[in-house]
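Architecture and fold: a report
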Amino acid sequence: MMISTTATDEADEICASCGIPAGDDIKLKNCNACKLVKYCGVECQRNHRSQHKRACKKRAAELRDELLFRQPESAHEGDCPICFIPIPLDSHLPLDPKKSTINSCCCKIICDGCYYAWTLIENTKETCPFCRTSVPETQAEVDRNYMKRIEANDPVAMRQMGAHLCANEGDYSAAVEYWTKAAKLGDAEAHNQLATMYRKGKGVEKDEKMKIYHLEKAAIAGHHLARYNLAMHEGGNGRYERAVKHLIISANLGHDGSIQKLKESYTDGDVSKEDFAAALRAYQAAMVAMKSPQREAAEAAEVASR
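A few points on the structure. No experiment lies behind these values; they were computed from the predicted model shown.

How each quantity is defined
- Residues numbered from 1 in each chain as written.
- Predicted model: local features only at pLDDT ≥ 70, side-chain atom pairs only at ≥ 80, totals over all residues.
- Heavy atoms only, no water.
- Helix = DSSP H or I, 4+ residues; strand = E, 2+ residues; numbered from the N terminus.
- Rg over C-alpha atoms; globule rule 2.2 N^0.38 Å.
- Buried < 20%, exposed > 50% of the residue type's maximum accessible area, 1.4 Å probe, protein only.
- Areas by Shrake-Rupley, 256 points an atom, 1.4 Å probe, with all protein chains shown as cover.
- Lys, Arg positive; Asp, Glu negative; His and termini not counted.
- Charge placed at Lys NZ, Arg CZ, Asp CG, Glu CD.
- Polar contact = N/O pair within 3.5 Å; in protein donor to acceptor, adjacent residues only side chain to side chain.
- Contact = heavy atoms within 4.5 Å.
- Axes fitted to C-alpha atoms, helices over the stretch in contact; angles between N-to-C directions.
- Parallel < 35°, antiparallel > 145°, perpendicular 65-115°, else oblique.
- Nonpolar A, V, L, I, M, F, W, Y, C, P; charged D, E, K, R; others polar.
- Patch = residues over 30% accessible without salt bridge, like charges linked within 9 Å, V, L, I, M, F, W, Y side chains within 5 Å.
- Salt bridge = Lys/Arg side-chain N within 4 Å of Asp/Glu carboxyl O.
- Phe/Tyr/Trp six-rings, centres within 6.5 Å; stacked < 30°, edge-to-face > 60°.
- Lys NZ or Arg CZ within 6 Å of the ring centre and 35° of its normal.

Description of the overall build of the chain
Each helix and strand in the chain was counted, giving 13 helices and four strands. A compact globule built from 306 residues should have a C-alpha radius of gyration of about 19 Å, whereas the chain, at 24 Å, is more than 25% larger. C-alpha atoms of the chain, sized along the principal axes, occupy 80 × 50 × 50 Å. In the chain, which comprises 306 residues, the proportion classed as buried is 37%. Of the accessible surface of the chain, which amounts to about 18300 Å², a share of 51% is contributed by carbon and sulfur atoms. Taken together, the 42 basic and 43 acidic charged side chains of the chain have centroids lying 4 Å from each other.

Here you go:
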């Protein structure tokens, strides 16, 4: 006589608190945090909490780390929608020029190579290379464009509006509001900006836990600077193994600062030869993947114009 595997599995599932087995009329639900145990209801989960708390917290942390230290498939900006080559990583340093542009009309992130190539075509200098819309001449037009995109739930538009309000108008509370909406839609840069606001206490109360929360959300989504800042945070707290893991992930995405820190750590004996060599190969591959003749021409034109 054959026994159904499904039936056996269901019979083995019991409420961790009262022991009642799962059945047609009893549906058990996983503990949301750890997924280790199941309960038949909220009351049983509440009654079992004191016994389960320590194991739950430990497993939840393990699950979080599995997600946090997983190598993202790409950096958070993804590929240029015109050439389909990964967007170069911005350093965010004051003297380092940006390597991509966001127009308010469509809020697409366009690499400077494609933007430069578009400006070389006759009669195209005043239009967006992606959607062909005329480039706005005033900040009021830019704001109107962003608001149209915000009404369409575009997280990039929300992110950009938050940046404008923060940098140009000093309205930190409104900036946080826009970044919070964008973050809920999965925008990594919005999470990164929120981490900064929680660190500085601008527009929100200073909150270390919220800062780390948003840095981790951004890093998981492929944000290289958020990942680097997490590495600095972990290293500053003596958790060097975790710091190195973060640096390896961001170096693999092509982040200059991370590979330099790994080089220093290797020299100091904190990173193995094998790990540094693997990270260096991945970094070099990422850098090659972000190159194109158009981008090199755009960079040369930028240097010549200084």
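From this point, the narrative continues.
Observations regarding the side chain of histidine 255
Summarising the element assignment, histidine 255 is placed in the loop between helix 10 (240–252) and helix 11 (256–267). One polar contact links histidine 255 to serine 258, side chain to side chain, over a distance of 2.8 Å. If we skip the residues at most four places from it in the chain, histidine 255 touches Leu89, His224, Leu225, Tyr228, Ser250 and Tyr283.

A word on the packing of helix 2 (residues 42–68) against helix 8 (residues 208–220)
Interhelical geometry of helix 2 versus helix 8 gives an angle of 45 degrees and a closest axis separation of 9 Å. Between helix 2 and helix 8, the crossing angle belongs to the class labelled oblique. Contacts from Arg64, Leu67 and Leu68 of helix 2 reach helix 8 at Tyr213, Glu216, Lys217 and Ile220. Here the contact of helix 2 with helix 8 is composed, by residue class, of four nonpolar, no polar and three charged.

Quick look at a positive patch on the surface
A surface patch of like charges, here positive, comprises Arg49, Lys53, Lys57 and Lys209. A total of three residues in the positive patch trace back to one element, the largest contributor, which is helix 2. Position of lysine 57 relative to the elements: it lies in helix 2.

Brief notes about the packing of aromatic side chains
Think of a pair of aromatic rings as described by two things: how far the centres are apart, and how the planes are tilted against each other in angle. Taken as a whole and judged by the stated rule, the model has one aromatic pair. With a centroid separation of 5.1 Å and 5 degrees between ring planes, the pair formed by tyrosine 266 and phenylalanine 276 is classed as stacked. Taken together, the residues tyrosine 266 in helix 11 and phenylalanine 276 in helix 12 (residues 273–289) connect sequence positions ten residues apart. Exposure remark for phenylalanine 276: the relative accessible area of 13% places this residue in the buried category. Residue placement shows lysine 181 over the ring face of tyrosine 178; its charged tip is 5.8 Å from the ring centre. Above the face of the phenylalanine 69 ring, lysine 245 is positioned so that its terminal group lies 5.1 Å from the ring centre.

Considerations on unusual backbone geometry
One non-glycine residue, arginine 132, lies in positive phi territory at about 70 degrees. With respect to the secondary-structure elements, arginine 132 resides in the loop between helix 3 (112–119) and helix 4 (139–151). According to the relative accessible area criterion, arginine 132 is partly exposed, its value standing at 48%. The phi dihedral of asparagine 153 is positive, around 65 degrees, even though this residue is not glycine. Structurally, the position occupied by asparagine 153 is in the loop between helix 4 and helix 5 (155–168). For asparagine 153, a relative accessible area of 51% translates into the label exposed.

Topic: the environment of histidine 223
Relative to the assigned elements, histidine 223 resides in the loop between helix 8 and helix 9 (224–236). For the pair formed by histidine 223 and asparagine 192, sequence separation is 31 residues and the distance between their alpha carbons is 7.8 Å. Sequence-distant contacts of histidine 223, that is, excluding residues within four places in its chain, are made with His76, Ala188, Glu189, Asn192 and Ala218.

Things to note about the pattern of salt bridges
A full pass over the atoms with the stated rule returns 14 salt bridges. Ionic pairing is found between glutamate 62 and lysine 58, a salt bridge with its closest N-O pair at 2.8 Å. Residue glutamate 62 and its partner lysine 58 are both found in helix 2; the two are separated by four residues, about one turn of the helix. Judged by its relative accessible area of 56%, lysine 58 falls in the exposed class. The shortest N-O distance in the salt bridge between arginine 59 and glutamate 62 comes to 3.1 Å. Of this pair, arginine 59 and glutamate 62 are both found in helix 2, three residues apart, which corresponds to roughly one turn of the helix. A relative accessible area of 24% means that arginine 59 is categorised as partly exposed.

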